[in-house]
Amino acid sequence: AMNLSVEDTERSFVPSDSYLTSYLNTADEYYPTTGIDVFFVFEDSAKLYENRASLASLDSRLEGKSTLPPYIAEPTSEDKYRNVMAGLSAYLSSSGSISGVALGDDNWPTSEEDFVTELSAFTSIGAAGSQYALDVSFADESRSTLE
């Protein structure tokens, strides 16, 4: 028996009458070698807190996927791959808490509530993680609850 590889694209998952079909065709026409940007969106602060360490190392889980399924190209710069969890982890490990919350032995806040408080402080305009300010969505002006 012969095994044939199956190569597929995201087009197989997009309905033919979707606006995305036009977008993908235009991207192919004008940017044939660059592909399209992919954004990973995570919701639910409890799950973010629970998976904080694995989300902070997401880049290592995506490495080497450019030649094998799911064919995710290597990021070409920090601007192309930006991970607020990695930034927060690095900051907490090197500088400690911005907001004064207690950190555990893993250098992460010790509760979900403290995690959200620290993430809010880190991503505030003018703070160490301000480059991530638009990457995090809070439910209200108080920035005490993630959307």
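Residues numbered from 1 in each chain as written. Predicted model: local features only at pLDDT ≥ 70, side-chain atom pairs only at ≥ 80, totals over all residues. Heavy atoms only, no water.

Student: Before we move on, can you summarise the packing of aromatic side chains with the specific residues and values?
Tutor: Counting across every chain of the model gives four aromatic pairs. Taken together, the ring pairs connect Tyr 49, Trp 108 and Phe 115 into an aromatic cluster. (Phe/Tyr/Trp six-rings, centres within 6.5 Å; stacked < 30°, edge-to-face > 60°.)

Student: Summarise a negative patch on the surface; cite the residues concerned and give the values.
Tutor: There is a patch of like negative charges on the surface, built from Glu 43, Asp 44, Glu 50, Glu 112 and Glu 113. Locating Asp 44 in the fold gives a position in the loop between α1 (19–30) and α2 (45–50). (Patch = residues over 30% accessible without salt bridge, like charges linked within 9 Å, V, L, I, M, F, W, Y side chains within 5 Å. Areas by Shrake-Rupley, 256 points an atom, 1.4 Å probe, with all protein chains shown as cover. Salt bridge = Lys/Arg side-chain N within 4 Å of Asp/Glu carboxyl O. Lys, Arg positive; Asp, Glu negative; His and termini not counted. Charge placed at Lys NZ, Arg CZ, Asp CG, Glu CD. Helix = DSSP H or I, 4+ residues; strand = E, 2+ residues; numbered from the N terminus.)

Student: Can you explain the nonpolar core? Please cite residues and give values.
Tutor: Ranked by internal contacts, the top residues of the largest apolar core, which has 17 residues, are Val 84, Met 85, Leu 88, Trp 108, Phe 115, Leu 119 and Leu 146. Among the elements of the structure, α2, α3 (52–56), α5 (84–95) and α6 (112–122) are those that each provide at least two residues to this core. When residues no more than four places from it in sequence are discounted, the contact partners of Leu 88 are Trp 108, Phe 115, Glu 118, Leu 119 and Phe 122. (Core = buried A, V, L, I, M, F, W, Y, C linked by side-chain atoms within 4.5 Å. Buried < 20%, exposed > 50% of the residue type's maximum accessible area, 1.4 Å probe, protein only. Contact = heavy atoms within 4.5 Å.)

Student: I'd like a rundown of a nonpolar patch on the surface, residues and numbers included.
Tutor: Taken together, the side chains of Tyr 19, Leu 20 and Tyr 23 present a nonpolar region at the surface, about 360 Å² in accessible area. Its place among the elements puts Tyr 19 in helix α1. The exposed category is assigned to Tyr 19, whose relative accessible area is 67%.

Student: Would you mind going over the environment of Val 14 in detail, with residue names and values included?
Tutor: Position of Val 14 among the secondary structure elements: in the segment before α1. Val 14 sits ten residues away from Leu 24 along the chain, and the two C-alpha atoms are 9.9 Å apart. Each residue touching Val 14, except ones within four places of it in the same chain, is listed here: Leu 20, Thr 21 and Leu 24.

Student: Which residues make up the environment of Ser 54, and what are the values?
Tutor: Note that Ser 54 resides in helix α3. When the C-alpha atoms of Ser 54 and Ala 86 are compared, they prove to be 9.4 Å apart, with 32 residues separating the residues in sequence.

Student: Describe the pattern of salt bridges, listing the residues and the values that go with them.
Tutor: Applying the stated criterion across every chain yields a total of two salt bridges. Where Arg 52 meets Asp 106, a salt bridge forms, and the shortest distance between an N and an O atom there is 3.4 Å. Taken together, the residues Arg 52 in helix α3 and Asp 106 in the loop between α5 and α6 connect sequence positions 54 residues apart. In this structure Asp 106 comes out as partly exposed when scored by relative accessible area, which is 41%. Arg 82 is the salt-bridge partner of Asp 135, the closest N and O atoms lying 2.7 Å from each other. Pair noted here: Asp 135 is in the segment after α6 and Arg 82 is in the loop between α4 (58–62) and α5, with a separation of 53 residues, a long-range link. On the basis of relative accessibility, which here comes to 40%, the residue Arg 82 falls in the partly exposed class.

Without other data, these values stay purely geometric and don't point to any function.
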